[in-house]
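Examining the three-dimensional arrangement
Below, each chain spelled out in residue letters.
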Amino acid sequence: MRLTEQQVNYFKTFGFLIFRQLFSASEVKRYRQEFDSGLDAWIGGSHDGMKRVWAPLMDSNTPFIASLLDDPRFVSVGEQLLGKEMMGIVTDANYYVGDTQWHPDMGTAKQRAAKFTIYLDPLDASNGALRVIPGSHLEPLHSELRSQLFRTDPQTGQSVRKDPQEAFGVRPDQIPAFAFESNPGDALVFNNAIWHAAFGGSEHRRMGTVIYYEDPQTPEAVAIIQKVMRGNHENCQKTWNSQFYPEYWRKVGNPLHQQWVRRLDELGILETPIPAG
Amino acid sequence: MRLTEQQLNHFKTFGFLVFRGLFSAEEMGRYSYDFDAGLDAWLPLGAKHDGLQRHYASLMDSNTPFVASLMDDLRFADVAEQLLDKKILGIAADGNYYVGDTRWHPDTHSLDYSGVKFTIYLDPQDATNGALRVVPGSHREPFHSQIARDTEAAYGVRPDELPAFVFDSRPGDVLAFNVATWHAAFGGGKHRRMATLVYYEDPENPEATAAVQQVMRGNHSIYAKLGRQMYPEYYRSNSDPRHQRWVRRLAELGLLETPALSS
């Protein structure tokens, strides 16, 4: 899928881009079936609506969703938006519960990534639509939001979230932002450095993602990607006691896909480490 | 009026700040009266705004005493000083009958000086009928220069599709924005009443001085074409000490007198 110069400009300037009805009705139906069956299989039952559940969907029991990383609607668009060699990282699913507070997906604006978000139910600002702060993938806004919305705990040294009321005197849902009102079939792709959130969501807000990272070319970029990926692996191991990248995903015959597998391996981020003991 | 640290953070980070219910209902009545009287006075004698094109008027003269006084009101002058964190110059109190859309633009071509514009809408506004929209954070580089006026050519979207904060407002609400913040309005009627109070930093270096002089020359040229002085006697003779400093500084900078339009 070839993007227009205008679409690339929009993404560069505002840090996100919308595709209306990227999926057909039959694809939405299939997406929904695999999303629910795939996520419920990880849970071993139904979602209880008490807390967020996340899992990768890259295995043989969700072939349609697993194939999206290789789908030209995503991979080709990812390449054009990032403008560089990139790696397919994950297709995953979330049952969200309630609000998602303001955050970027990557702690730095130096290393780029593209995240496609796919919502399975109609959403607007009142019931959990994704909100993004346009331009917040760019400095100085990106870092200023971090310094305003997070503080370092002097005792633990950990970064701790601040209430936007404390930072800006407004409720979290009053931070000026764009709300992605969407219908099933729509997709929004954003630069992972953009600040985003969602408010007023139900106890079972269904959101799928397709994620690509820029292939790191400098020692600093490699270190960033390795750190982020260690977090992904640890999450998968702790939550599901499972490999992040299943055999099914590693064996996809597409040459570009095989290039990703080799590169992830080279970078030491293909295998999910098994904790000792 | 003392701003909180949070309000200052909001303005610094996003380039604007909202004040809900800053004017009482009684004040809005006076505002509306002055506004209409002042704007109508700049129309041909006996004429009413015909809704065909934007109509603008300065509201700094004796026939609009309430609006003219707002330049010195602590809710604006003190707040502007805090927002800009500098000495300021009171530049203008004016009014507009807008017609239809206002396309995306910042109010300045230069980031070498700072300024703040308070916008006051006299009628309820939302996204469908001409509410002010601002692009948060667009007052600073590099975001500021990446935004384009022609959204369809640059981004492939209609102007009203540009991602922005929409200032849903009721009479009495006020939004202050950095003059470098990109803003627009869409879906307005033929008689959208919007007033502003504008302050610039008092320039203290050659770059800021040149930038303020350039933008002020543009302001004066509008008045010159109308055959009017930008700063009437009523504005100049206000005895408030801060106001008198503005008058002196504008004169020092060569920005007090509107040059006569050469024929």
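Everything discussed here concerns the structure shown above.
Residues numbered from 1 in each chain as written. Chains lettered and ligands numbered in written order. Predicted model: local features only at pLDDT ≥ 70, side-chain atom pairs only at ≥ 80, totals over all residues.

With that out of the way, let us pick up the overall build of chain B. Counting secondary structure elements, chain B contains 9 helices and 10 strands. Against the globule reference of 18 Å for 263 residues, chain B gives a C-alpha radius of gyration of 18 Å, in line with a compact fold. Referenced to the eigenvectors of the C-alpha coordinate spread, the extents of chain B come out at roughly 50 × 45 × 45 Å. Looking at chain B as a whole, 43% of its 263 residues are labelled buried. (Helix = DSSP H or I, 4+ residues; strand = E, 2+ residues; numbered from the N terminus. Rg over C-alpha atoms; globule rule 2.2 N^0.38 Å. Buried ≥ 20, exposed ≤ 12 C-beta atoms within 10 Å, placed from the backbone.)

Within chain A, the regular secondary structure consists of 9 helices and 12 strands. Against the 2.2 N^0.38 benchmark of 19 Å for 277 residues, chain A shows a C-alpha radius of gyration of 18 Å, consistent with a compact globule. Taking the principal axes of its C-alpha atoms as reference, chain A extends roughly 50 × 50 × 45 Å. Every one of the 277 residues in chain A was classed for burial, and the buried ones make up 41%. Of the contacts made within chain A by residues no fewer than 6 positions apart, 81% connect residues no fewer than 24 positions apart. (Contact = placed C-beta atoms within 7 Å.)

Membership of the largest hydrophobic core comes to 144 residues, with the highest contact counts inside it found for A:Phe16, A:Val189 and B:Ala176. Discounting residues that sit within four places of it in the chain, A:Val189 has contacts with A:Phe16, A:Leu17, A:Val77, A:Leu81, A:Ala114, A:Lys115 and A:Phe116. (Core = buried A, V, L, I, M, F, W, Y, C linked by C-beta atoms within 7 Å.)

Residues and elements named next belong to chain A. Strand order in the open sheet formed by 6 strands is β1-β10-β5-β12-β3-β2, with antiparallel pairing between adjacent strands. Each edge of the open sheet is held by one strand with a lone partner, namely β1 (16-19) and β2 (53-56). Along the sheet, successive strands turn relative to each other by an average axial angle of 20°, direction set aside. Both β2 and strand β3 (residues 86-96) contribute to a ladder of 4 bridges, which runs antiparallel. Within the sheet, the bridge partner assigned to valine 53 lies in β3 and is tyrosine 95. (Pairing = 2+ DSSP bridges. Axes fitted to C-alpha atoms, helices over the stretch in contact; angles between N-to-C directions.)

Residues and elements named next belong to chain A. Pairing within the open sheet is antiparallel, and its 4 strands lie in the order β4-β11-β6-β9. The open sheet is flanked by β4 (100-103) and β9 (178-179), the only strands paired with a single partner. Here β4 pairs with strand β11 (residues 196-198) via 2 bridges, running antiparallel. Looking at the pairing, threonine 100 lines up with alanine 198 of β11.

All names here are of chain B. Most of strand β3 (residues 88-98) sits out of view: 9 of its 11 residues are buried. Across 4 bridges, strand β2 (residues 55-58) lies against β3 in antiparallel orientation. Of the residues in β3, the one forming a bridge with histidine 55 is tyrosine 97. Pairing of β3 with strand β10 (residues 192-201), which is carried by 10 bridges, proceeds in the antiparallel orientation. Bridge pairing in β10 links alanine 93 to leucine 197.

Contacts between the two partners involve 22 residues from chain A, matched on the other side by 22 residues from chain B. Those elements that place two or more of their residues in the side of chain A that touches chain B are α1 (5-14), α5 (141-149) and α6 (164-168) of chain A. If you tally residues by element for the side of chain A that touches chain B, the top one is α1(A), at 6 residues. For the side of chain A that touches chain B, the residue count by class is 12 nonpolar, 9 polar and 1 charged. (Nonpolar A, V, L, I, M, F, W, Y, C, P; charged D, E, K, R; others polar.)

Before going further, it helps to examine helix α7 (residues 206-226) of chain B. All names here are of chain B. When the terminal C-alpha atoms of α7 are compared, their 30 Å separation across 21 residues agrees well with the 30 Å that a helix rising 1.5 Å per residue should span. Listed in full, the buried residues belonging to α7 are Ala211, Val212, Val215 and Met216. End-on view of α7: buried residues confined to an arc of 120°, all on one side of the axis. Exposed positions of α7 whose direction lies more than 90 degrees from the buried face are Pro206, Glu207 and Lys225. One or two residues past the end of α7 sits glycine 227, with phi positive at roughly 70°. (Expected span 1.5 Å × (residues − 1). Arc of directions from axis to C-beta.)

So, about the environment of A:Ser24. Residues and elements named next belong to chain A. Note on placement: serine 24 falls in the loop between β1 and α2 (25-43). Serine 24 sits in the exposed class, given 10 other C-beta atoms within 10 Å. For the pair formed by serine 24 and glycine 185, sequence separation is 161 residues and the distance between their alpha carbons is 6.5 Å.

Let us look at the environment of A:Gly88. Residue and element names in this part refer to chain A. The residue glycine 88 is located in strand β3 in this model. Put simply, glycine 88 and threonine 117 are 29 residues apart on the chain and 15 Å apart in space, counted from C-alpha to C-alpha. Setting aside its immediate chain neighbours within four residues, glycine 88 contacts Leu69, Val75, Tyr212, His257 and Trp260.

Residue and element names in this part refer to chain B. Along the polypeptide, alanine 211 turns up in helix α7. Along the backbone, alanine 211 and lysine 225 are 14 residues apart, and their C-alpha atoms lie at a distance of 22 Å. In contact with alanine 211, other than residues within four places in its own chain, are Ser110, Asp112 and Tyr113.

A word on helix α9 (residues 255-266) of chain A. End to end, α9(A) covers 16 Å across 12 residues, agreeing with the expected 16 Å (1.5 Å per residue, within 8%). Once α9(A) finishes, A:Gly268 follows within two positions and takes phi at roughly 75°, a positive value.

All names here are of chain A. A cis geometry characterises the amide bond from glutamate 139 onward to proline 140, with omega recorded as 5°. Among the structural elements, proline 140 can be located in the loop between β6 (130-132) and α5. Even without glycine at this site, glutamine 21 takes up a positive phi of about 50°. Note on placement: glutamine 21 falls in the loop between β1 and α2.

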